[in-house]
Amino acid sequence: MDVEILSRVQFAFTAAFHYLYPPLSIGLGVSLVVMEGMWLRTGNPLFHNMARFWTRVFALTFAIGVATGIVMEFEFGTNWATYSRFVGDIFGSALAAEGIFAFFLESGFLAVLLFGWNKVGPKLHFFSTCMVCFGAHFSAVWIVVANSWMQTPAGYHLETRAAGQPVVLPEGHAVTGADLGTVRAVVDNFWEMVFNPSSMERLAHVVFGAWMAGAFLVVSISAFYLLRGRHLPFAKASMKVGVAFAIVATMLQMISGDIAARTVVEEQPIKLAAMEGVFETTPGTPMTLFGWVDVKNRTVLGPQMPGLLSVLAWGDASKPVQGLLDLPEDAFLARWHPDAKEADYAALREAYWPPVQATFQFYHIMIIVGTALLGVALLAGLKWFRGTLFRTDTFLRRAFLWVLVLSVLGPQIANQSGWFTAEIGRQPWIVYELLKTSQALSRVVTANQVLLSMILFLLVYALLFAAFIFLLTRKIQHGPEPQDESEEMPESWKRIIRNRAARA
Amino acid sequence: MDLHIIWFVLVGVLFTGYAMLDGFDLGVGTLHLFIKGDHGRRIFLNSIGPVWDGNEVWLVTGGGALFAAFPDVYATVFSGFYIPFMLLLVALIFRAVAIEFRSKEPWGWWRTMWDIAFAAGSVLSALLIGVAMGNVVMGVPVRPDKEFGGTFLGMLNPYSIFLGLTTVALFAMHGGIYLAMKTEGEVQATVRGWVPKLIGIFIACYVCFNMLTLIYCPHVLETVRARPWIMPVVLVGVLIVMNIPREIHKGREFNAFLSSCAGMGLMMAAFGLTYFPNMLYSNPDPANSLNIYNAASTEKTLGIMLVIAIIGVPLVLAYTACIYWVFRGKTQLTTHSY
């Protein structure tokens, strides 16, 4: 196997594994703020128990998130050294900002959140919870900004060195093999880089996806307790927080998904065509609901809604969405293949398509799972409103609670397939229309080294995942610890409960 | 002021911060198996419990700063040191999750398993950091195209391995002093018994290491001759390390810990002053060395990053100090502990 495939698989594997955890941290972070805020407002010890139980779950996910996150930062240098040299001037500052602004905030206040229950007053503790939540969101900001720059680069120019002096390259310079190691992207305007054409849309999409992961985890564990008839007051209260949060997050996600897709239409038409499996450019472009791409015959098999894609993309049923057979455009090919004749362009195009089948399928998995989650969340909301959500007396009600127990997998599947769509859909580029993935590898790393590290990661992560699932299951079975006015609670905390009793 | 020099200092400060802070919790890990009994081990873990992941962030941020300010150094070192860095990652992962998982279950085998993972991960991390440093000090082959020209086996030279062992000894001493400060009663009595030995081992290693430097790194000797004002820095560092046993003897663990931190800071300062302006010394062909000019990002990026640092670093220092303040005093076990 060659270094490129191995490095890509290793990066995909370590990134996908890592990404199981940060969304839970972000989503649970918001839940913790809500629960602890409710506890401070109402003084109901139930919320205190909730906050403490979910904090422990949070700690578990956070530790693995940190440990697997360092791997990602190292891999840019170890496996993608040429990429690092090429983008360091831009990408590096986002990464450093993430460390300074997000990780320190998160890890610092996490200490107070986890170990500070007896050390600080309730207000300071709540402030720490907010800071942890804030820090988790901040880390999403910087890493999504960095990734979005790879999708839609902006605020930069290319430069090379001649006789020790920097030379600005003209816009649209096609990077060749001879350029590697000398040509680099250099920042022109920091804010244009940060607010590149896709960063804000994608940030919203990532954050709402993370909220869904946190919300459905709370929903799932609460539903499990309801089914088992254990910790009922706790389960009902948690379920309410979870369902409300899930509805909000899922609705927002639908809106942000629509906006993010429109950006793809504008900025990365090839990716969009691959996502939707569009080959021919026809007016009233249909949308395929699900199906199988027959790349060889340039067609997609599956049920289609006529004109829907044009409507979603342009708000105009007659305006066509560009198909893969017309992409990339002639002007682009003329730049990258100055020697090719126009007659040859058709044959050149396919080399600039991403793997169409994979892009199409991951995208559709995301859409289908996301829509199903919206249905589940709304139905749960309806049942809550009608007062049947917490009842387990009929088969259907129990079955629905089981659906809720399993719903925790939904956001994880959707988040993962969303990222696979975004990253596979960008291929063959590592930085869109600037640098190819095959050009970005470390030049001194051999296939055997990558194979060795990959086996190492597979073993370690398998062990880690098993231990995580095992501990999470044990934690859930153990349940929250009831603590009202126990010995351990400091005076300032007890006062909250007493104030509430006085008010009542 | 030259932005390149500022960033040379800032990257140095970040890695020094990492060594001082994660140094003591790697040291606690190194000593972990030597304390017998579950209570003692839980005290050890919980002494670093609230702060270890914050300490590790210094490495992440240092790596990020290196990537942003000196991308060529980051790319050359990380791709060149592929296998050692992958092992370092695995070691860091193991010790991180061992801390989190260990006390979650009461079974003996479970706790022993994670105790070993925590200790082995800590020792291996310290060793690999030292070996990497050793190669940086001694210089590695760098090709004219800035790529690493050496081999993995070439990195396992006696000098670097010895610096690895010295780093393990340094962190163990640092961690021992930290533990003496954070514990009480029987555990503290045990740890206090260790500290003089740990200091002795480190000083022996340190002396040998300096002699090896004279043998293996003629370029370092040359630089020190040309910059004689480095010697006082080294000397003050040695004096401060010598101060540690005195403070321990008088029962002032906090002062001992500060001395240990200051000693590490001065060692890193001496290294920085000697190494400047290089970021990766090329041996055998010094002309190919990566330095703060030929391996840096543009001045514009260095300037933007400086603004980020000016906003961010005071904030970080402020709340890091607050958190150490909240968790000051002796480590107690509660229901929230590991």
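For the structure itself, look to the data block above.
So, how was this worked out
Residues numbered from 1 in each chain as written. Chains lettered and ligands numbered in written order. Predicted model: local features only at pLDDT ≥ 70, side-chain atom pairs only at ≥ 80, totals over all residues. Helix = DSSP H or I, 4+ residues; strand = E, 2+ residues; numbered from the N terminus. Rg over C-alpha atoms; globule rule 2.2 N^0.38 Å. Buried ≥ 20, exposed ≤ 12 C-beta atoms within 10 Å, placed from the backbone. Contact = placed C-beta atoms within 7 Å. Pairing = 2+ DSSP bridges. Nonpolar A, V, L, I, M, F, W, Y, C, P; charged D, E, K, R; others polar. Core = buried A, V, L, I, M, F, W, Y, C linked by C-beta atoms within 7 Å. Axes fitted to C-alpha atoms, helices over the stretch in contact; angles between N-to-C directions.

Chemist: Go over the overall build of chain B, please, and point to the residues and values.
Modeler: Scanning chain B from N- to C-terminus turns up 13 helices and two strands. Relative to a compact globule of 338 residues, whose C-alpha radius of gyration would be 20 Å, chain B shows 20 Å and is just as compact. Along the first, second and third principal axes, the C-alpha set of chain B runs to 55 × 40 × 35 Å. In chain B, which comprises 338 residues, the share counted as buried stands at 55%. Taking all contacts inside chain B whose residues are at least 6 apart in sequence as the whole, residues at least 24 apart take part in 79%.

Chemist: Could you give me a rundown of the pairing of strand 3 (residues 184-187) of chain A, with the residues and numbers involved?
Modeler: All names here are of chain A. A two-sided burial pattern is seen for strand 3, the buried positions comprising Arg184 and Val186 on one face and Ala185 and Val187 on the other. Inspection of the sheet shows strand 1 (residues 156-162) paired to strand 3 by four bridges, in the antiparallel sense. Residue Tyr156 lies in a different strand from strand 3, and its bridge partner there is Val187.

Chemist: I'd like a description of the interface of chain B and chain A, backed by residues and values.
Modeler: Counting from both sides, the interface comprises 56 residues of chain B and, opposite them, 58 residues of chain A. Listed by contribution, the elements that provide at least two residues to the side of chain B that touches chain A are helix 3 (52-69), helix 4 (71-80), helix 5 (82-101) and helix 13 (299-326) of chain B. Here the side of chain B that touches chain A is composed, by residue class, of 32 nonpolar, 15 polar and nine charged.

Chemist: Quick one: what's the story with unusual backbone geometry, residue by residue and with numbers?
Modeler: A negative phi angle characterises most non-glycine residues, just as the trans form characterises most peptide bonds. Residue and element names in this part refer to chain A. Residue Leu327 is joined to Pro328 through a cis peptide bond whose omega torsion reads -5°. Looking at where Pro328 falls in the secondary structure, it is placed in the loop between helix 10 (308-314) and helix 11 (330-336). A cis amide bond links Gln427 with the next residue in sequence, Pro428, at an omega value of 5°. Locating Pro428 in the fold gives a position in the loop between helix 15 (409-424) and strand 8 (429-431). For Glu433, which is not glycine, the phi dihedral falls at a positive 55°. Assignment of secondary structure puts Glu433 in the loop between strand 8 and strand 9 (435-436). Residue Glu433 is classed as partly exposed on the basis of its 19 C-beta neighbours within 10 Å.

Chemist: Account for the pairing of strand 2 (residues 165-168) of chain A, naming residues and giving values.
Modeler: Residue and element names in this part refer to chain A. For strand 1 and strand 2, the ladder comprises four bridges, and the chain directions are antiparallel. Looking across to strand 2, one finds that Arg161 is bridged to Pro166. In sequence, strand 1 turns back onto strand 2 through a hairpin of two residues, with Ala163 there showing a positive phi of about 55°.

Chemist: If you had to explain the nonpolar core to someone new, which residues and values would you point to?
Modeler: Among the nonpolar cores identified, the biggest contains 263 residues, and Trp211 of chain A together with Ala69, Leu89 and Val97 of chain B are the most heavily contacted of them. Take this core: its biggest share by element is 23 residues, from helix 4 (residues 81-115) of chain A. The contacts of Leu89 of chain B, once residues within four sequence positions are left out, are Ile70, Val71 and Phe74 of chain A.

Chemist: Run through the sheet that holds strand 2 of chain A, naming residues and quoting values.
Modeler: All names here are of chain A. Reading across the sheet, the three strands line up as 2-1-3 and stay open at both edges, with antiparallel pairing between neighbours. At either margin of the open sheet sits one strand with a lone partner, and together these are strand 2 and strand 3. Across the sheet, the mean angle separating the axes of adjacent strands is 50° when strand polarity is ignored.

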